[in-house]
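The residues making up each chain are set out below.
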Amino acid sequence: MRQQRWFPIAALAVGLFAINVVTRVVIHFAFKNDDGVQSGASIVMFALIGLTLAVWTFRAAQRRKPLDWLVPDWFLGTVAALLLTVLVGPFISGSQPFSDGAGNFFLQVWLYAGFAIVGTLLGYWVAVMIGADYRSRSLKAYTERSAAKPRKVVRR
């Protein structure tokens, strides 16, 4: 099943949505009437999503070219998780997507997108800075291969 093309996309989406579910359940049961704590927990949730995407990007950048993981896996997985978070997530905590108004709905979309993009950029930049990304490793291997001297044939 792991070799299926859709598996990494679904795993990323489910993992990001699980962060949202855990945060919403904790907020619902522990801090139901405290708006300040709910706002802070939401920011922590978005930061965890950004951190998760940073780690995911760091690992993906080491194994494949950016176009091989960015467009299909990252984009589809993150958009699916975003849609699950803003459309299905509120039902978990006993609310509805537009119960607080369209402004709050779109604020969640922009926060999610912002933290996802920043987390992804951080993960990729760290991989590039330490030379662990796919391109840096390929260039290093090419340099080592071309710099190696051929064996000398010894004649007697």
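What this report covers is the structure whose coordinates are included nearby. Keep in mind that this is a model prediction, so the values were computed, not measured.

1. A few points about the nonpolar core
For soluble globular proteins, the rule of thumb is that nonpolar side chains tend to be buried together. Ranked by size, the top nonpolar core spans 19 residues in total, and within it Leu-16, Ile-49, Leu-53 and Tyr-112 carry the most contacts. Top element by residues in this core is helix α2 (residues 35-63). It accounts for six residues. Contacts of Tyr-112, omitting those with residues within four sequence positions, involve Leu-16, Phe-46, Ile-49, Thr-78, Ala-81, Leu-82 and Thr-85.

2. Things to note about the packing of aromatic side chains
Within a pair of aromatic rings, the relevant descriptors are the distance that separates the centres and the angle that separates the planes. A full pass over the atoms with the stated rule returns seven aromatic pairs. Their ring planes at 85 degrees and their centres at 5.1 Å tell us that Phe-105 and Phe-106 sit as a pair that is edge-to-face. Overall, Phe-106 belongs to the partly exposed group, its relative accessible area being 45%. Here a set of aromatic residues connected by ring pairs shows up, and it is made of Phe-46, Tyr-112 and Phe-115.

3. Thoughts on the side chain of Arg-24
Secondary-structure assignment places Arg-24 in helix α1 (residues 7-30). Here Arg-24 occupies a buried position and makes no salt bridge, while the nearest side chain of opposite charge, Asp-100, is found at 7.7 Å.

4. A look at the environment of Arg-156
Structurally, Arg-156 is set in the segment after α5 (134-147). In the structure, Arg-156 is positioned 130 residues away from Val-26 in sequence and 80 Å away in space, judged by C-alpha atoms.

5. Remarks on the pattern of salt bridges
As enumerated under the stated definition, the model contains one salt bridge in all. Residues Arg-64 and Asp-73 are paired through a salt bridge, measuring 2.8 Å at the closest nitrogen-oxygen approach. Assessed through its relative accessible area of 27%, Arg-64 is described here as partly exposed.

6. Side note on a nonpolar patch on the surface
A contiguous nonpolar surface patch, about 530 Å² in accessible area, is contributed by Phe-75, Leu-76, Val-79, Leu-83, Leu-84, Leu-87 and Val-88. Topologically, Val-88 is positioned in helix α3 (residues 66-92). Val-88 gets classed as partly exposed once you look at its relative accessible area, which sits at 35%.

7. Points about the environment of Gln-62
Counting through the fold element by element, Gln-62 comes out in helix α2. We classify Gln-62 as partly exposed; its relative accessible area is 23%. Along the chain, Gln-62 and Met-129 lie 67 residues apart, while their C-alpha atoms are 12 Å from each other.

The rules behind the values
- Residues numbered from 1 in each chain as written.
- Predicted model: local features only at pLDDT ≥ 70, side-chain atom pairs only at ≥ 80, totals over all residues.
- Heavy atoms only, no water.
- Core = buried A, V, L, I, M, F, W, Y, C linked by side-chain atoms within 4.5 Å.
- Buried < 20%, exposed > 50% of the residue type's maximum accessible area, 1.4 Å probe, protein only.
- Helix = DSSP H or I, 4+ residues; strand = E, 2+ residues; numbered from the N terminus.
- Contact = heavy atoms within 4.5 Å.
- Phe/Tyr/Trp six-rings, centres within 6.5 Å; stacked < 30°, edge-to-face > 60°.
- Lys, Arg positive; Asp, Glu negative; His and termini not counted.
- Salt bridge = Lys/Arg side-chain N within 4 Å of Asp/Glu carboxyl O.
- Patch = residues over 30% accessible without salt bridge, like charges linked within 9 Å, V, L, I, M, F, W, Y side chains within 5 Å.
- Areas by Shrake-Rupley, 256 points an atom, 1.4 Å probe, with all protein chains shown as cover.

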